[in-house]
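Structure at a glance
So you can see what is in the structure, the chains are spelled out below.
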Amino acid sequence: MTSAEHSPLTRKLSAFVALSEVELAVLERLHQRRRSFVAGRDMVHQGQSAQAAYILSAGWVCSYKLQADGTRQIVDFQVPGDFLGLRSVLLRTSDHSFEPIVDIEAAEVLTSDLLDAFAQTPRLATAILWAASRDEAMIVEHLVGIGRRDADARMAHFLLELGSRLALVGMGSKEGFDCPLTQYHLADTLGLSAVHVNRVLRQLRESGLVTFRDGHVTFHDHRGLVELAEFDPAYLDQTGPLLK
């Protein structure tokens with residue numbers, strides 16, 4: 001893992017606040033307990049209490065909710081720079097699970113560490129609140145997508161959002177990004193069948209908009225995809241630091 005100064009979380013929070021040396025030092029301490037997790041094995045279980053939060057440094061994670069019949073709904077995906085389980089720490093019990101999609105690296109953050117950091121650096125606490133608020137805004141967009149967007153627009157919006165999130169931490173651009181998700185992941189997330197996902201991806205590819213193949217998303221016509229999805233990135237709030 002890289003030092004906190006160059007970590008994905010630092011790059012992400014820097015979109016909201018120009019971090020001082022003191023704040024970077026506190027972030028460094030939050031990255032001290034570094035751990036590795038293997039793909040496919042939950043790192044946090046739904047209903048788990050007395051848990052830590054995690055800062056994802058490398059790899060992808062899915063957060064999901066289990067139903068009584070054993071089926072699951074993927075709520076979101078976490079990429080480097082994201083917090084895992086932040087809300088669950090503050091609410092004492094996790095209301096959903098986190099599963100690494102690939103082998104990952106993450107820093108474990110105890111509740112006491114987090115509260116100490118908030119007390120020492122209020123601006124950093126505000127930046128982390130910004131990140132949590134941004135996550136909430138994304139969930140709102142996902143709900144709108146499932147409820148109101150047709151399948152093509154839903155897929156386009158989701159891929160554009162992932163691209164914007166990854167661009168913020170230096171892992172994506174308007175040309176595309178690496179993506180380990182399967183069509184089954186997309187189906188679970190977007191409320192579509194795997195067959196429907198395959199059909200939608202083919203339609204978008206044949207329309208010359210985007211190709212998702214062999215673990216990589218390639219934007220052929222980024223502007224056209226934005227128009228199809230009516231994608232307005234304002235909810236991601238990535239235009240530059242508000243706190244200097």
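Each remark here, short or long, concerns the structure printed above.
Below, the structure is looked at part by part. (Residues numbered from 1 in each chain as written. Predicted model: local features only at pLDDT ≥ 70, side-chain atom pairs only at ≥ 80, totals over all residues. Heavy atoms only, no water.)

This paragraph deals with the packing of aromatic side chains. Throughout the structure, instances matching the rule amount to five aromatic pairs. With 5.5 Å between their ring centres and 20° between their planes, Phe 16 and Trp 130 make a pair best called stacked. Here Phe 16 is found in the loop between helix 1 (8-13) and helix 2 (21-30), whereas its partner Trp 130 is found in helix 5 (residues 122-148), with 114 residues between them in sequence. For the pair Phe 16 and Trp 130, one class covers both residues: buried. Over the ring of Tyr 64 we find Arg 72; its NZ or CZ atom is 5.0 Å from the centre of that ring. (Phe/Tyr/Trp six-rings, centres within 6.5 Å; stacked < 30°, edge-to-face > 60°. Helix = DSSP H or I, 4+ residues; strand = E, 2+ residues; numbered from the N terminus. Buried < 20%, exposed > 50% of the residue type's maximum accessible area, 1.4 Å probe, protein only. Lys NZ or Arg CZ within 6 Å of the ring centre and 35° of its normal.)

The pairing of strands in a sheet comes from backbone hydrogen bonds and takes either a parallel or an antiparallel form. Sheet architecture is open: four strands sit in the order 1-7-2-5, paired in antiparallel fashion. On the outer flanks of this sheet lie strand 1 (33-37) and strand 5 (83-84), each paired with one strand and no other. Sheet analysis places strand 1 next to strand 7 (residues 104-109), joined by five bridges and oriented antiparallel. Looking at strand 7, one finds that Phe 37 is bridged to Ile 104. (Pairing = 2+ DSSP bridges.)

In total, this model carries ten salt bridges according to the counting rule given. The partner of Arg 33 in a salt bridge is Asp 113, and the shortest N-O contact between them spans 2.3 Å. Of this pair, Arg 33 sits in strand 1 while Asp 113 sits in helix 4 (residues 111-120); the two residues are 80 residues apart in sequence, bridging distant segments of the chain. For Glu 108, the salt bridge identified is with Arg 35, shortest N-O distance 3.5 Å. Residue Glu 108 is found in strand 7, and its partner Arg 35 is found in strand 1; the two are separated by 73 residues along the sequence. The exposure class of Glu 108 is buried, given its relative accessible area of 18%. If you follow the salt bridges from partner to partner, you end up with Lys 12, Asp 76, Asp 82 and Arg 165 in one network. (Salt bridge = Lys/Arg side-chain N within 4 Å of Asp/Glu carboxyl O.)

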